[in-house]
Amino acid sequence: MKNPVIAIGLDAADPELLETWMDQGYLSNLKQLKDRGAYGRLTNIEYYKAETPWTTFLTGCLPNKTGYWSPVKFQEGSYNVSEIGAYDFQEYSPFYALGDQYRVAVFDVPQSRLCDRVNGEQVLAWGAHSPQTPSVSHPPELLNQLNQNYGKHPALHRDHGDWWDHAYLSRLQKTLHQGIDRRGAIVRNLLQQEPWDLLLTVFGETHSAGHDLWYLSQPDHPLYEHKLDAASEDPMLAIFEAVDRTLGTLLSEVPEDSYLVLFSAHGSGNNTTDVPSMLFLPEFLYRFSFPGKVAIASGKAGTIPEAIVSEPRRKTWTGEIWERKYSPNPLKQFLRQELPSQFHPLLDRLLGTFGEAPLGSPDQLRQQGNPLFWQPSTWYSPLWPQMKAFALPSYSEGYIRINLAGREPNGIVSPEEYEGLCQEITAQLYGWTNARTGGPVVKKVIHTPPTSHTRPDADLIVLWNDTPADVIDCGQFGRIGPVPYRRTGSHRNRGFLNITGPGIRPGTQLREGHGVDLAPTILHLMNAPIPHYYDGTSLVEKSVLVA
């Protein structure tokens, strides 16, 4: 017998934060569902934690099986990096590809693709954060119908900005609230449309809010004391409260014989990844490969650091970092910081570039069509063939690739030197200190030997400590920073699962699961077959069910 399931994801909603707010009297509908159902925490893999959770959820497989680690791919046989988008499902299908026997509706799940083995409706990239797929639907006319009837999501591809841009933050809050209202109306209509065997949707607004509104909400963020005067209330909490209210309106539409599954595949916290992964690591590896050289954000190690950059002058974080490109000419260094970036090429012509790192500028890379022009790690790419190791573009951890002879076109590290170099770099990384706190910057360095075709592109993966850093000292290679913070919230490898419905014992504590357990759990509740190759298992055990 089939059991219908309504599965609703809260993208990047952190369980620690949700539980705190519930205990404080907020999020009453989430609290009610937690109390009357089975609830538990999830973990996920501790690296590539921004890039992999949705693919893990969709396929029921870990990345070392699918070979999919990131929408950004290093192209073997070159020194190029490209965006490949979401996993293609060629080898492993989404768990909801159940054939003709099950009616399925999938609305706005991020980092997915249309699948012809789904019997029902699919809508992708209506309003998801970083959907990694085009806006498309099956049947093809469905997306246009939804946009005509309910409106487009006003934050789609427009939820990326800087924390000091007051107009952006104000606009973001408005568009996220509008998106939540429209999403709720669409899902309510889907629930009324027919008795689906599975209806799956995801609130992406919680993800967008976590990235850009975090410092306006959480007092332990270094920028909290510099928050906007107008932000007397908690705008991130307001987004979650709007989602909670929308869930409350949907509950009345959920059929009594259905299971309701609420989940998050990963969480959020203070952003400890953007600046270290996108800037500190590539700059360190430049200095490591070219001893005595400095490219960006030179500082004097061992001194009391300058104050946090609380009022950046450039429109973007990319512009703020690029203006910190080092020049031994004091006049040029001063003018780079004072003049708009369009005058920087003129400074190069008039004052020369002697002693400066020959980086690719963001403007040059953008003109060349490089979609990752905004990441400082990409600016070093012209030098990768000459470097012993280089940092790959990242959305979470630090990713280091060794310039290995026989693998890279111009590899300069022999296979005999490979292990020793990895150990040397690892030792250097463990020596980094946060110049403000004196504490370590690096939590762990993971070595991924190049032995499998499903391994990630990185040879070394750097996990950062949970204290944000805007200025570091890296031993003999000096100080980097201070620099402005980028996004104020980033991801954690923790999520949650809440199940209510027929036979679920109220107030049950689920065993701690993994993000890869979500797909088999949903299929178990549906009484649908679970593929033998799944890496996860169902979290619905006898103790969860009423006898």
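On a predicted model such as this, the values are computed, not experimentally measured, just so you know.

Draft legend 1. Inspection of the nonpolar core at higher detail. Counting residues in each nonpolar core, the largest one holds 118 residues, and the members touching the most others are Leu281, Phe284, Ile425, Leu429 and Trp432. The residues touching Trp432, leaving out its near neighbours within four places in the chain, are Phe280, Leu281, Phe284, Gly439, Pro440, Val441, Val442, Trp464, Ile472, Asp473 and Cys474. Counting 44 residues, the second largest nonpolar core, distinct from the first, contains Leu58, Leu198, Tyr259 and Leu518.

Draft legend 2. Spatial organisation of the packing of helix α1 (residues 15–23) against helix α8 (residues 235–251). In the contact formed by α1 and α8, the axes pass within 12 Å of each other and the chain directions differ by 80 degrees. With respect to each other, α1 and α8 are oriented roughly perpendicular. Each of Leu17, Leu18 and Trp21 in α1 lies in contact with α8, whose residues at this interface are Met236, Leu237 and Phe240. Looking at side-chain class alone, the contact of α1 with α8 contains six nonpolar, no polar and no charged residues.

Draft legend 3. Spotlight on the sheet that holds strand β14 (residues 433–434). If you walk across this open sheet you meet the four strands as β11-β18-β17-β14, and the pairing is antiparallel. The open sheet is flanked by β11 (298–299) and β14, the only strands paired with a single partner. The sheet contact formed by strand β17 (residues 472–473) and strand β18 (residues 479–480) spans two bridges and is antiparallel. Counted as the bridge partner of Asp473 is Arg479 from β18.

Draft legend 4. Seen up close, the side chain of Ser361. Mapping Ser361 onto the fold places it in the loop between α12 (344–351) and α13 (362–367). A polar atom in the side chain of Ser361 sits 3.0 Å from the backbone nitrogen of Gln364.

Draft legend 5. Broad picture of the pairing of strand β3 (residues 72–75). Covered by surrounding structure in β3 are Val72 and Phe74 only, the residues Lys73 and Gln75 on the alternate face being uncovered. With four bridges joining them, β3 and strand β4 (residues 80–83) adopt antiparallel strand pairing. In the sheet register, Val72 faces β4, and the bridge partner there is Glu83. Joining the antiparallel neighbours β3 and β4 is a turn of four residues, in which Gly77 adopts a positive phi near 85 degrees.

Draft legend 6. Representation of the pattern of salt bridges in the model. Throughout the structure, instances matching the rule amount to 34 salt bridges. Note that Asp274 and Arg486 form a salt bridge whose closest N and O atoms lie 3.0 Å from each other. Here Asp274 is found in helix α9 (residues 274–289), whereas its partner Arg486 is found in the loop between β18 and β19 (489–492), with 212 residues between them in sequence. Judged by relative accessible area, which is 1%, Asp274 ranks as buried. On the basis of relative accessibility, which here comes to 16%, the residue Arg486 falls in the buried class. Connected through salt bridges with shared partners, the residues Glu76, Arg401, Arg407, Glu408, Arg455 and Asp459 form a single ionic network.

Draft legend 7. Just the packing of aromatic side chains, in detail. Inspection of every chain in the model, using the stated rule, returns 31 aromatic pairs. Between Trp54 and Phe57, the ring centres sit 5.6 Å apart and the planes meet at 80 degrees, which makes this aromatic pair edge-to-face. Of the two residues, Trp54 and Phe57 are both situated in helix α3 (residues 53–59); the distance of three residues between them amounts to about one turn of the helix. Of the two residues examined, Trp54 and Phe57, each falls in the buried class. Here the aromatic rings of Tyr533 and Tyr534 are separated by 5.5 Å at their centres, their planes lie at 75 degrees, and the arrangement is edge-to-face. Since its relative accessible area comes to 24%, Tyr533 is described here as partly exposed. Within the aromatic cluster, the residues linked to one another by ring pairs are Trp54, Phe57, Phe95, Tyr96 and Phe263.

What counts and what doesn't
- Residues numbered from 1 in each chain as written.
- Predicted model: local features only at pLDDT ≥ 70, side-chain atom pairs only at ≥ 80, totals over all residues.
- Heavy atoms only, no water.
- Core = buried A, V, L, I, M, F, W, Y, C linked by side-chain atoms within 4.5 Å.
- Buried < 20%, exposed > 50% of the residue type's maximum accessible area, 1.4 Å probe, protein only.
- Contact = heavy atoms within 4.5 Å.
- Axes fitted to C-alpha atoms, helices over the stretch in contact; angles between N-to-C directions.
- Helix = DSSP H or I, 4+ residues; strand = E, 2+ residues; numbered from the N terminus.
- Parallel < 35°, antiparallel > 145°, perpendicular 65-115°, else oblique.
- Nonpolar A, V, L, I, M, F, W, Y, C, P; charged D, E, K, R; others polar.
- Pairing = 2+ DSSP bridges.
- Polar contact = N/O pair within 3.5 Å; in protein donor to acceptor, adjacent residues only side chain to side chain.
- Salt bridge = Lys/Arg side-chain N within 4 Å of Asp/Glu carboxyl O.
- Phe/Tyr/Trp six-rings, centres within 6.5 Å; stacked < 30°, edge-to-face > 60°.

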